[in-house]
Each structure stands twice: as C-alpha cells, then as structure tokens.
Amino acid sequence: MESISLPHHGFSLALHRYGYQELGLSSASSSLPMNAFMGLQYCVSLHQRANLRNVAQHHCFSSIIRKYAGVSWCYPTPNENLYNPWHNKLLSGKRVPRHIIVRSELAKMGIHEADYPLSEVPLGSKVRGMCFYATTAITAIFLFMLMLVAHPVVLLMDRYRRRIHYTIAKMWATLSIAPFFRIKYEGLENLPSPNSPAVYVSNHQSFLDIYTLLTLGRSFKFISKTTIFLFPIIGWAMFMMGVIPLKRMDSRSQLDCLKRCMELIRKGASVFFFPEGTRSKDGKLGAFKKGAFSVAAKTKVPVVPITLVGTGSIMPSGFEGILNVGSVKVIVHKVLVEGDPETLCNEARNVIADALSKEC
C-alpha cells in the first residue's frame, strides 16, 4: 500500500463527477471529512493508483493527481469538450503542458480560477511590471529614510494616528503609480474628517488596492499578515505606520486584532478592512465577514464603504509580476450610521455590489 495526499478541492470535484468506484477508491472513503483545509490522506494500492492514472488521462483531470499518480502529460481524445480557446490545439494529437489541461478543465466546470485568459502574457505587461516594482522600490528607499527620521517625533506627538507617516506613505503610493495609470475619484465629499475615527471597508481585487487607497490621504490602519513585516523597507515602514499584524487561521490572533482595532478607534484613529478577507480571483464580489462591522457597532463609529474598479484588470490576483494598461476608479459612498453588525454588513456589501455592477 502507498499513501498519497490528494488536494481537497480537486478531489471532491472528481468524486462528484466520477464517483468512488471509477476512481478506484472504496466506499469507506466517503466517511472522510470533505471540508478539510489541508487536504486528505488516502492509502491506495498499486492497482488503485493505476485506476487513478487512467481516469486522469481519460478525463484530463490532471489537476487532481498530476503529481500524486505520476500523470505529467495528458492526451485528450476528440470527444472531450474542453475550453473552447484551446480546443483545436488540444485535439492536434500533440502532448500539451499539464497546466493548460488543468485550467481548461476548471474553466469548463465554471471554477472562478480559470476566468482570466490562458494566453501568453504580453511582453509589454511584463516590462511595465518590472518598471513598476523598480519605481516603487527606489521611491520606498528614499521615503523610508524620511519616515525613520520622523519616527521619534511621531511616537511623542501622534502615537495613534501617525499622520506624518501616512503623508509619506501617500507620497510613496502616488509616485509609484503616477507613471503607470491614473486614478479617478468619485464621492470624495463623503470622506469623514481626517480627525474623525471611522471604519473603512472596500472590495479587494488586486495588490494595487493598497497603493490606490493610500492616495486618499487618510491615516487608517490596515491589517496585514505578520510575514509581510519581515520584508526589508516595506515591512519596516508598515511597522512604523502602526499597521495591525494578523496571523491567518489563528483564531486568537484574529480576536487580538479586533481588540486592537477597537482600541485604536477609541484613541481617535481609523481602521481599514477588506471584508472579503482575500483578493477576488475573477473580479466578483465575495461574501463579507462581519469582523469590521462588529468593531464599528461596538465603538459606535460610521462605516465608510469604498468601491475599487479597475485594479483587478491592471494587476490580476495571482499575476503580481505584470502590469497591464488601464485606469482605476475609486468610489467613496455615503457613510453608514450606527446599526447592528448584520445590518451594516448587508448595507455595505449591497452598496459596493451595486457600484461594481454599474461600472462593469
């Protein structure tokens, strides 16, 4: 017997489509939890391993066991109705790289990860991406020195808001993106006073969202993964700005993060949340988590919904090395007054969803 690890998402799709028997697994496997996050362990014999390989080759399901059952290439047959842009190439009889098969199969089944084009990234986008990162790195080095000099004064005079640091961060974001794309603002009159604490929320499409939001000139505290703070210059600057660290998948860290947010608001600072929790893969608005709205309800501060349009097409999630041509629009909506977390969450999501639907 040999133990192999199968990714949960792809494997559950295979079970749904082909059943346990065709995959060569016993019905006892159905008792295993299918909602685990770290994948499932199955013991299979050499015979079952061969069955898995045959199914993968026949159905082009290399996304499931391309690594675990020895399937490196897939030879689809003419009766396979794969994703249209690649249909003719796949039926040419030549072997095709497995990542093409995987993404094609995902696209056919409606998985959001396949919504971006499968064609080669244009050279111009790659060059623009390299220029963007060179610009933002050089700018960060010089402005970080300014932030470092001002830090003792900030700690003494403005420990919680740290407005000087956020002014420097606004300069960094503006100088980084100005050569590459333009931002159009709508509803800036809806922004609360810089001295008024609030909870800001927005949709999350791209790595560029942070750059775009910093240009608003508000000293709201972001929440970031703890690993980001280890990055030279950028991570150090985030620490001096008072960005709130978070360990994902750690419930205690999440609770401490929310407590820290409430403490900062009571001290007069504002906080910023991406209620979706992660970047959208296809531009569609995901479900909102209620943490941000619980903070707003408990501290009795307004919620400021913001819609970001265009960042996902310029630098799609998962393609952080490129920078396409385009423009960005920032829509600041009217603030939402006090209410229970459920109501605030629904209202904020509806406002942002409506704006996205109008812009698409």
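Residues numbered from 1 in each chain as written. Predicted model: local features only at pLDDT ≥ 70, side-chain atom pairs only at ≥ 80, totals over all residues. Heavy atoms only, no water.

Under the convention used in this document: UniProt positions are given in the numbering used here, feature names are shortened, and annotations may be inferred rather than shown by experiment.
Going by what an unreviewed UniProt entry lists, the protein is known as 1-acyl-sn-glycerol-3-phosphate acyltransferase and is assigned to Momordica charantia. According to the UniProt record, the Sequence similarities (unreviewed entry) comment for the protein is "Belongs to the 1-acyl-sn-glycerol-3-phosphate acyltransferase family." Here the protein is described in UniProt, under the heading Catalytic activity (unreviewed entry), as follows: "a 1-acyl-sn-glycero-3-phosphate + an acyl-CoA = a 1,2-diacyl-sn-glycero-3-phosphate + CoA".

**Thoughts on helix α9 (residues 234-241)**
For clarity, the cut-off: Per-residue accessibility, obtained with a 1.4 Å probe over protein chains only, is compared with the maximum for each type, and a residue is labelled buried under 20%, exposed over 50%, and partly exposed between these values. The helix and strand labels rest on DSSP assignments: H or I over at least four residues marks a helix, E over at least two residues marks a strand, and numbering proceeds from the N terminus. Any pair of residues with heavy atoms lying within 4.5 Å of one another is described as a contacting pair.
Turning to α9, its buried residues number three or more, namely Gly235, Ala237, Met238, Met240 and Met241. Contact partners of the buried residues in α9: α6 (123-157), α7 (163-177), α8 (209-214), β7 (220-221) and β8 (223-225). Looking one or two residues beyond α9, the residue adopting positive phi is Gly242, at roughly 85°.

**Observations regarding the confidence of the model for the protein**
Selection rule: Looking at any residue, its pLDDT shows the predictor's confidence there, from 0 to 100.
Taken residue by residue, the protein gives an average pLDDT of 76. The fraction at 70 or more is 66%. No element of the protein has a lower mean pLDDT than strand β3 (residues 73-74), at 37, and none a higher one than strand β12 (residues 328-332), at 97. Across residues 1-44 the pLDDT falls below 50, and counting only partners more than four positions away or on other chains, this stretch makes 86 contacts in the model. This stretch, residues 59-118, has a pLDDT under 50; its non-local contacts, to residues over four places away or in other chains, come to 113 contacts.

**Some words on the side chain of Ser270**
Convention followed: We call two N or O atoms a polar contact when they sit within 3.5 Å, provided that within protein one can donate a hydrogen and the other can accept it, with sequence-adjacent residues counted only if both atoms are side-chain atoms.
Checked against the element boundaries, Ser270 lands in strand β10 (residues 270-273). By relative accessible area, Ser270 is classed as buried at 7%. A distance of 3.0 Å separates a polar side-chain atom of Ser270 from the backbone nitrogen of Ala198.

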